[in-house]
Each structure stands twice: as structure tokens, then as C-alpha cells.
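Remarks on the overall topology
Here are the chains, one letter per residue:
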Amino acid sequence: MPGPRGPEERRALLGRGPQGARRRWRRAAAAAVLLVQMLERAAFFGVSSNLVLYLTGVDLHWAGGQASRAELVFLGASYLLSPVGGWLADVYLGRYRALTLSLLLYLAAAGLLAATASSDGRPSFCGEMPAQPLEPGCPESGCPPAPRSPYCAPTICSALLLLALAASSVRSNLTSFGADQVTVLGRQASIRFFNWFYWSINVGGVLSLLVVAFVQQNISFLLGYYITVGCVALAFFTFLFATPIFITKPPMGSQVSSMLKLAFQNCCPRLRRPHPERAPDGAHLLPAQRSPQGPSPQEDVANFQVLVKILPVLVTLVPYWTVYFQMQSTYVLQGLHLQIPNFFPAPTNMSVALKAQSKSYKFPEAWLFLANVVVLLVLVPVKDHLLDPLLLRCKLLASPLRKMALGMFFGFASVVVAGVLEHERLQYVQRKWVTKQYIGDNLYDAACLSIWWQIPQYLLIGISEIFASISGLEFAYSEAPRSMQGALMGLFFCLSGVGSLLGSGLLAVLSLPGGWMHCPQDSGNINSCHMDLYFFLLAGMQAAAALLFIWIAGRYERAARNPTVQGAPSRDRG
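Residues numbered from 1 in each chain as written. Predicted model: local features only at pLDDT ≥ 70, side-chain atom pairs only at ≥ 80, totals over all residues. Heavy atoms only, no water.

Points about the overall build of the protein chain
Within the protein chain, the secondary structure is distributed over 19 helices and three strands. In the protein chain, buried positions account for 50% of the 574 residues. When contacts within the protein chain are restricted to residue pairs at least 6 apart in sequence, long-range pairs at least 24 apart make up 82% of them. Accessible surface computed for the protein chain: about 27400 Å², of which carbon and sulfur atoms make up 66%. (Helix = DSSP H or I, 4+ residues; strand = E, 2+ residues; numbered from the N terminus. Buried < 20%, exposed > 50% of the residue type's maximum accessible area, 1.4 Å probe, protein only. Contact = heavy atoms within 4.5 Å. Areas by Shrake-Rupley, 256 points an atom, 1.4 Å probe, with all protein chains shown as cover.)

Describing the state of the cysteines
With the rule as written, the count across this model stands at one disulfide. A sulfur-sulfur distance of 1.7 Å marks the disulfide that ties C126 to C152. Placement of the pair is C126 in helix α5 (residues 121–126) and C152 in the loop between α5 and α6 (153–182), with a sequence separation of 26 residues. What makes C126 buried here is its relative accessible area of 18%. Judged by its relative accessible area of 5%, C152 falls in the buried class. No disulfide involves C157; its sulfur sits 9.1 Å from the nearest other cysteine sulfur, which is in C152. (Disulfide = S-S within 2.5 Å.)

Regarding the sheet that holds strand β1 (residues 338–339)
The strand order across the open sheet built from three strands is β1-β3-β2, with neighbouring strands paired in mixed fashion. Each edge of the open sheet is held by one strand with a lone partner, namely β1 and β2 (434–439). Here β2 runs beside strand β3 (residues 442–450); their pairing, made up of six bridges, is antiparallel. If you follow V434 over to β3, its bridge partner there is A447. (Pairing = 2+ DSSP bridges.)

Side note on the pattern of salt bridges
This model, assessed by the stated rule, comprises four salt bridges. The residue E40 makes a salt bridge to R41 at a minimum N-O spacing of 2.8 Å. Residue R41 is classed as buried on the basis of its relative accessible area of 7%. Between E557 and R402 there is a salt bridge, with the nearest N and O atoms lying 3.7 Å from each other. Placement of E557 in helix α19 (residues 531–561) and of R402 in helix α16 (residues 400–430) is noted, with a sequence separation of 155 residues between them. (Salt bridge = Lys/Arg side-chain N within 4 Å of Asp/Glu carboxyl O.)

So, a nonpolar patch on the surface
Where nonpolar side chains cluster on the molecular surface, the patch consists of V374, V378, L379, V382 and L386 and spans about 400 Å² of accessible area. For V382, a relative accessible area of 37% puts it in the partly exposed group. (Patch = residues over 30% accessible without salt bridge, like charges linked within 9 Å, V, L, I, M, F, W, Y side chains within 5 Å.)

Digging into the nonpolar core
Of all hydrophobic cores here, the largest spans 131 residues; its most connected members are Y54, L55, F74, Y106, L163, F246 and Y534. The leading source of residues in this core is α6, at 13 residues. With residues up to four places along the chain from it excluded, the contact list for Y106 reads E40, A43, F44, L163, A166, A167, V170 and V232. (Core = buried A, V, L, I, M, F, W, Y, C linked by side-chain atoms within 4.5 Å.)

Some words on the pairing of β3
Where β1 and β3 come together, two bridges link them in parallel fashion. Looking at the pairing, Q339 lines up with S450 of β3.

Observations concerning the packing of aromatic side chains
All chains considered together, the criterion is met by 26 aromatic pairs. When the ring of F177 is compared with that of F239, the centres are 5.6 Å apart and the planes differ by 50 degrees; the resulting orientation is tilted. Within this pair, whereas F177 is found in helix α6, its partner F239 is found in helix α8 (residues 221–241), the two being separated by 62 residues in sequence. The residues F177 and F239 share a single accessibility class, namely buried. Here the aromatic rings of Y324 and F325 are separated by 5.2 Å at their centres, their planes lie at 80 degrees, and the arrangement is edge-to-face. Each member of the pair, Y324 together with F325, is buried. (Phe/Tyr/Trp six-rings, centres within 6.5 Å; stacked < 30°, edge-to-face > 60°.)

As for the packing of α16 against α19
The N-to-C vectors of α16 and α19 enclose an angle of 170 degrees; their axes lie 8 Å apart at closest approach. Taken together, α16 and α19 sit at an angle that is classed as roughly antiparallel. A per-class count over the contact of α16 with α19 returns 21 nonpolar, three polar and four charged. (Axes fitted to C-alpha atoms, helices over the stretch in contact; angles between N-to-C directions. Parallel < 35°, antiparallel > 145°, perpendicular 65-115°, else oblique. Nonpolar A, V, L, I, M, F, W, Y, C, P; charged D, E, K, R; others polar.)

Notes on the side chain of S102
One can find S102 in helix α4 (residues 82–116). What makes S102 buried here is its relative accessible area of 6%. Apart from the residues within four sequence positions on either side, S102 is in contact with A166, S169 and V170.

Some remarks on the side chain of S500
Take S500: it is sitting in helix α18 (residues 485–510). What S500 contacts, discounting residues up to four positions off in sequence, is L72, L75, G76 and F325.

Regarding unusual backbone geometry
A positive phi angle, near 65 degrees, is found at K432, a position not held by glycine. By the element assignment, K432 lies in the loop between α16 and β2. Judged by relative accessible area, K432 falls into the exposed class, the value being 67%.

Some details on α4
Its 35 residues give α4 an end-to-end C-alpha distance of only 26 Å, which falls more than 12% under 51 Å, the value for a rise of 1.5 Å per residue. Along α4, the largest kink reaches about 115 degrees and is centred on L93. (Expected span 1.5 Å × (residues − 1). Bend = angle between axes of the 7 residues up to and from the residue.)

Here we look at the environment of M408
Of note, M408 is situated in helix α16. For M408 and A468, which are 60 residues apart along the polypeptide, the C-alpha to C-alpha distance reads 6.4 Å.

Details of the confidence of the model for the protein chain
Per-residue confidence for the protein chain gives a mean pLDDT of 77; residues scoring 70 or more make up 72%. Across the protein chain, element-level confidence peaks in α8 with a mean pLDDT of 94 and bottoms out in helix α10 (residues 282–285) with 39. Under a pLDDT of 50 for its full length, residues 1–7 has, in the predicted model, 21 contacts with residues more than four places off or in other chains. Contacts from residues 570–574, a stretch scored under 50 in pLDDT, to residues over four places away or in other chains number nine contacts. (pLDDT = per-residue confidence, 0-100.)

Now the structure itself:
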């Protein structure tokens, strides 16, 4: 249902004049948006890449399962809340105001998280860390620590949820806002903008992992979070300073209300309100009575029917997203308990080595995420410029649905490899083939297995993203009516957030007494847990979902090839 009318579209204050000057100003506006996106992604990865390490550190001392659940909830919320920011922009604020407020909220939340890393700020926001009581009749040493509530949880969870809300709003609005800046230059300019936009996301991730992750792990989390605050501040002021060259559009309303109303009427037909009878051809006879701000009721019904057909396809992707987000949570937790090399050779004397380890610079565990990013940066251009054109000429180019099924297979392979590696790691722990290693100020009992064994699972999940995620966006965009493309993009991101929260819920259940992830005596270590069984459970869920997806996708494609079938999805998407 259309929202209230806003002001007319505001053209850029700068950029008027000859055509060449206008093109330069439009490119400058697009470049400002790309810089904002790169800095925002650098800040986001600066928080998410080492969050598990931060929470399990000596300053907070969360359990490994608690830290992984917090990471998954943060990642899930940053996607799940995407429709909220888009809806507010569409109905009330407009994209420019929504982005300005989102970046301001981002800055405040990043500052709050940085305060929890400060020895002076942490007591102010979290109170003093409660002392660990001794069990009755227990000597001062030799007893495992009793489980306790995670320190500073209310403040940290509040900061993470605010960060997730801000990041989701930026995600849902900045892409379209950037495209608005170059639309006047033609379709090719828009295509080039989206290509550069995708690359700016990955460049921001690479810079964050190379610099911020290293600083956090080897120098100070406080300094690392100061860098993330600086990135957000620079993004905010860049956006404000570029205001004179931006084209802004007013809020034009959202179809969310219409879709919810139609869903309610279909679920509860007895509660439908009687409608006055209309002439069947009234929409053609009285076109002037249609609302220029949104689709007609007949179009709303048609759009809802399309949504009902597309939704099962997108929902079966949820287990894939559960697997995908393990890359930034349990994969990181697993890596902290594998042998991580030093940048500098350790002394030969073992006792000296143990003392020197806390001061030496170790390879940042979060850098393994670069394997995923590098796969995307290398394979996406190869796929776009070489593989897809070749398959198209040979008439072998697969449909987006078949590519999504292939992506699910690679996701399944990634989590199976992770489960096998974790099973082998636990075998090393049982045989006492472990080593003490410091990561920053934190001491871990790591198996004598190199962290390089994790590279295959990161590579596989990167390949899966090319097929499942990118093809999923292509499917949602191409199959949706033009008036619902934005809504389905938000729904796509929202369901990926559901997948992350599903993984967090599974971890919470398995962390209960008797569960595979219940090991409170390890105080942040996972050597008494059975995370391998958790990985195999995810693999089983992914396999079942993939089989269901293949069946649903087959029905969808058969209906699309036979438009005479009742309820077949139309290929005319405008």
C-alpha cells in the first residue's frame, strides 16, 4: 500500500551544465557511494571476523559455544533486519535520510563496542567482573571452573544488535541509492556500477582482514575497534560531504502492507471483508482512477501469487545459509584450536618458547577468510567473462536454479570436510598430541595439526557462494515483477539471516547439559565438546534440503516451460 507522498525528487545541486560535466559529477557521486560501501564493509568485517576470539578472551572469558552463538545471532540479525531499513526508507524517510541515520547509529554502536574493550570503559558499562567462587571442599587448584554467565553480555549484545540494525539498513538502501546516481547515464552505467559495487565490498573485506584482524589478534582489540570506529566515521563524513552531488528520491511507499493483507485473507478466508461488486473491465475503462504511486489491487493479487510460487524456492536455501555462516563462527572457533604458525621463528629452547609466544606475532586465524574472498575475486570475473559466454555458445548454460543446487552441493562438501577435520583434531586431543599456544593474551590447548588443513573448507564455501548466493539473487531479481524486485531482494537477505539464527539455535540446544557442545569445564576451549557431530548434523540438514530443493525447482521449471498450466509463473517480468 503506497505510503505518504514525499517531496519531489531532488536533483544534485552540483553537476548541472554540459553533458560531459554531468557525466563526471554522476561518476563522482557513484565513487562516493563505493567509498562509503568499502569503509562500511571494512568496519563490519572488523567486528565479525574476530568476534569469537574477543568474547573468549581473558577480558570477557565467554565459553566457546556462547561466543559462537553470539556471532551467529549478530550475523543473522544483520541480514534478518534488512527489510526494516528498506521499509522505513520506502515509506517514511527516503534512502538518503535512512542512510544518514543508519551511519550515525553505526558510529554510536561501534563506539559502544570499543568501550567494552577499554580497561577504563568496561567497568563503566559492564560493572566489575564477578569473582569465580571455589566449590565447597575444593582445593585452590585442580578443580574445573564452574560455569558462569558471560561477562558484559547485556552491553555487548546491545552494541551488536544496534550494529546489525545499522548494517542491515545500509545493505538494503545503499545499493539502490548508488544505482540512482548513474541511472541517467544509461543501462551500461548501471551494470558497471553493480560490478564495482560488488568489488568494493570485497576490497573492504580484504583491507579489514589484513589490517584490523592482525591488530586485534596481535596488538590490541581496543586499537582494532578504534580503527573500525574510524572507518565508520570516515564513511559518515564522506556521505555528508558528497550530499551536494547526490540525487535523492522521496519515499514512494511499500507493498509490505498489501502483501500482509493478502496473506491474511488467504489464510483466514472467513474474515475477509465483503467488497462492492466491480465491473470486470473497470481497470481498463477508468485508468485515470488508478493510483499513480503504486500498483492496482489486481496487480497486488498477481504479485502475491508470484510471491507464493517463489517463496518455497528461497525458503529451501535456509539450511545452506546455516552452513555458510559457520565460516565466521564455528570455523573460527575450530581454527583457534589448531596449530597457528608464528610470523617469526620460535626459540629452540621450549621453556623460552612458551614465554615468548605471548609476545610473538601469530598468523591471524581470521585471515583464512581471505581464501573465501580470493575465490570470489578470481572466479567471478572468470565465470562472467569466460565460462558463462562459452557455455552460452554451446547451449549448456545452466539455469539459476540448477546453479543454486550446485552451490548447495559445495556447501555440503565444505561442512563435511570441517567435520572430518574436527574429528581428527579430537583424536589428537585424546592422544595428548596438543600444544599450548598464545593468541594475543589468550592461552589455548591446540591440537598438533596445522591450521592450513582448514583451507579446503574455506575454498569450498567460497565456490558454493558463487553458485548459491549470486545465482539466488539472479533468480529472485529475474523472476519477480518489477514492482516487487526490491521487496524480494530484502526477503532474500532476510531468509539468509534466518539461516544464521537457525545455526545459533542449534548451538544453544546442543550446549545444554548432555549436548554435544556442552563443555563448561574448558573455559573457552572446545576439546571436551563434539563439534564434529554438529558439523555432520548440518551436513545432513543440507543434504535433505538439497533434495527438497531439487524437487521444488523441477516443478517450478516445468511450470515455467508450460505456461498453459494453471498457476504457472509468468516469464514476463518487465
